[in-house]
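One letter stands for each residue in the lines below.
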Amino acid sequence: MNHLQFQRHRRLRQTAGIRALVRETHLHKEDFIYPIFVVEGENKRNAVKSMPGVDQISLDLLNADMQEAVDLGIKSVIVFGVPHDKDEVGSSAYCDHGIVQKAIAQIKENFPELVVIADTCLCQYTSHGHCGVVEDGVILNDESLELLAKTAVSQAKAGADIIAPSNMMDGFVAAIRHALDENGFSHIPIMSYAVKYSSAHYGPFRDAAHSSPKFGDRKAYQMDPANRLEAIREAESDVMEGADFLMVKPALSYLDIIRDVKNNFNLPIVAYNVSGEYSMVKAAAQNGWINEKEIVLEQLLSMKRAGADLILTYFAKDAARWLQEGEEAK
Ligand SMILES: [Zn+2]
């Protein structure tokens, strides 16, 4: 054998200690953004059937949930509202005492150190379930921008630390940046859902947020899963319009896109590990087909390896707990 020339890569894999020394990517509790769904009413904890372990909760139960997240070392949450009333123009999205505004104010009052991100969209608030203003079955771009900007300002007023617009209208970052600046919120960053694909992986979320479109689909504003260069164009315009973070959504089927965006822009990149990705793992785990903890940590690690700096994930609390247990076991 001595005459064969080859590399001995296994030298760096032989013990846990050496593997730890050469590990290139790490997960930290600080990486996770924890998504919550808030509902009106009292003592409400509505399990989302298609997302085991995810509940819609009322504000009286919110502090306990936030305390648990803080104790696990989570630093940021993103708030989704499930309002009582919906109408054609989503007015409860920008109402100063809307469910999201109340939740934001409550979290900031009780947990000032938590970074509160407001998801800024209209689909949970509109009777037709689309992310903008609808006229004759068409989702109007510029009219939607006005409402989105109003929503962002009301969320900032409530105390949101970061505004995260998600409706994929052209110019949404510019419109929100302008409105925030005009209203004294020039210090509030924008986390843009810059690259959001029209994906079948959002199904369970629409259960959780009651946000399914009542007619048609979102293909006229969300991106075609087949396109890669378009992702760069989308991200580029958001950067020019003043975005502070760029998000790619979904994550797992779009790791190549996360890498492309990371390589092209110098902003923090956020991967959205979406509901369908969560539910597929949960379903398989409930059947005993996979090791949930190992699969989830591997998937989250793959998003970071692909270039994500932060991961918005329904596994946030589980993953933080697993990392904590791992630390204690050492
Ligand atoms: Zn939407």
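Residues numbered from 1 in each chain as written. Predicted model: local features only at pLDDT ≥ 70, side-chain atom pairs only at ≥ 80, totals over all residues. Heavy atoms only, no water.

K.L.:
Go over the packing of helix α8 (residues 255-264) against helix α10 (residues 292-306), please, and point to the residues and values.
P.N.:
Two quantities define a packed helix pair, namely the angle between the helix axes and the distance between the axes. Following both chains from N to C, one finds α8 and α10 inclined at 35 degrees, their axes separated by 8 Å at the closest point. Contact residues: L255, I258, R259 and K262 in α8; S302, M303, R305 and A306 in α10. Looking at side-chain class alone, the contact of α8 with α10 contains 4 nonpolar, 1 polar and 3 charged residues. (Axes fitted to C-alpha atoms, helices over the stretch in contact; angles between N-to-C directions. Helix = DSSP H or I, 4+ residues; strand = E, 2+ residues; numbered from the N terminus. Contact = heavy atoms within 4.5 Å. Nonpolar A, V, L, I, M, F, W, Y, C, P; charged D, E, K, R; others polar.)

K.L.:
Which residues make up the coordination of the zinc ion, and what are the values?
P.N.:
Protein-derived coordination of the zinc ion comes from C121 (SG), C123 (SG) and C131 (SG), at a distance range of 2.2 to 2.4 Å. Accessibility expressed as a relative area gives 6% for C123, which makes it buried. (Donors = N, O, S within 2.8 Å, 3.2 Å for Na, K, Ca; no water. Buried < 20%, exposed > 50% of the residue type's maximum accessible area, 1.4 Å probe, protein only.)

K.L.:
If you had to explain the packing of aromatic side chains to someone new, which residues and values would you point to?
P.N.:
Taken as a whole and assessed by the stated rule, the structure comprises 9 aromatic pairs. Aromatic ring contacts, followed pair by pair, group F37, F80, Y193, F205, Y272, Y278, Y314 and F315 into a single cluster. Of note, K249 hangs over the ring of F205, and the distance from its end group to the ring centre comes to 5.6 Å. When the ring centre of Y272 is taken as reference, the NZ or CZ atom of K249 above it lies at 4.3 Å. (Phe/Tyr/Trp six-rings, centres within 6.5 Å; stacked < 30°, edge-to-face > 60°. Lys NZ or Arg CZ within 6 Å of the ring centre and 35° of its normal.)

K.L.:
Account for the pairing of strand β10 (residues 245-249), with residues named and values stated.
P.N.:
Among the 5 residues of β10, 5 are classified as buried, and the element is accordingly described as predominantly covered. A two-sided burial pattern is seen for β10, the buried positions comprising F245, M247 and K249 on one face and L246 and V248 on the other. With 4 bridges joining them, strand β9 (residues 191-196) and β10 adopt parallel strand pairing. Of the residues in β10, the one forming a bridge with V195 is V248. Relative to strand β11 (residues 269-273), β10 runs parallel, the two being bridged by 3 bridges. Residue pairing in the sheet places L246 in a bridge with I269 of β11. (Pairing = 2+ DSSP bridges.)

K.L.:
Explain helix α4 (residues 141-158) to me, using residue names and the numbers behind them.
P.N.:
The end-to-end C-alpha distance of α4 is 26 Å, a good match for the 26 Å that 18 residues give at a rise of 1.5 Å each. Taken as a whole, α4 has its buried residues at S144, L145, L147, L148, A149, T151, A152, V153, S154, Q155, A156 and A158. Residues of α4 that are buried sit in contact with α3 (99-110), β5 (115-120), β6 (133-135), β7 (138-140), β8 (162-165) and α5 (172-182). Positive phi shows up at G159, right after α4, with a value of about 120 degrees. (Expected span 1.5 Å × (residues − 1).)

K.L.:
With reference to specific residues and values, describe a nonpolar patch on the surface.
P.N.:
A surface patch of nonpolar side chains, about 310 Å² in accessible area, is lined by L12, L21 and V22. Within the secondary structure layout, L12 lies in the segment before α1 (16-22). (Patch = residues over 30% accessible without salt bridge, like charges linked within 9 Å, V, L, I, M, F, W, Y side chains within 5 Å. Areas by Shrake-Rupley, 256 points an atom, 1.4 Å probe, with all protein chains shown as cover. Salt bridge = Lys/Arg side-chain N within 4 Å of Asp/Glu carboxyl O.)

K.L.:
Go over the packing of α3 against α4, please, and point to the residues and values.
P.N.:
Taken N-terminus to C-terminus, the directions of α3 and α4 make an angle of 30 degrees; their axes are 8 Å apart at the nearest point. What the angle tells us is that α3 and α4 run roughly parallel. Considering the relative orientation of α3 and α4, their crossing is right-handed. In this structure, α3 contributes V100, Q101, I104 and A105 to the contact, and α4 contributes S154, Q155 and A158. (Parallel < 35°, antiparallel > 145°, perpendicular 65-115°, else oblique. Left-handed = near helix turned anticlockwise from the far one by under 90°.)

K.L.:
Talk me through the environment of M191; I want residue IDs and the actual numbers.
P.N.:
As for its position among the elements, M191 is in strand β9. On the basis of relative accessible area, M191 is assigned to the buried category, the value being 1%.

K.L.:
With reference to specific residues and values, describe the pattern of salt bridges.
P.N.:
On inspection of all chains with the given rule, the structure shows 15 salt bridges. Note that R45 and D55 form a salt bridge whose closest N and O atoms lie 3.0 Å from each other. Pair noted here: R45 is in strand β2 (residues 45-47) and D55 is in strand β3 (residues 55-58), with a separation of 10 residues, a long-range link. Its relative accessible area of 46% is what places R45 among the partly exposed residues. For K262, the salt bridge goes to D309, with nearest N and O atoms at 3.2 Å.

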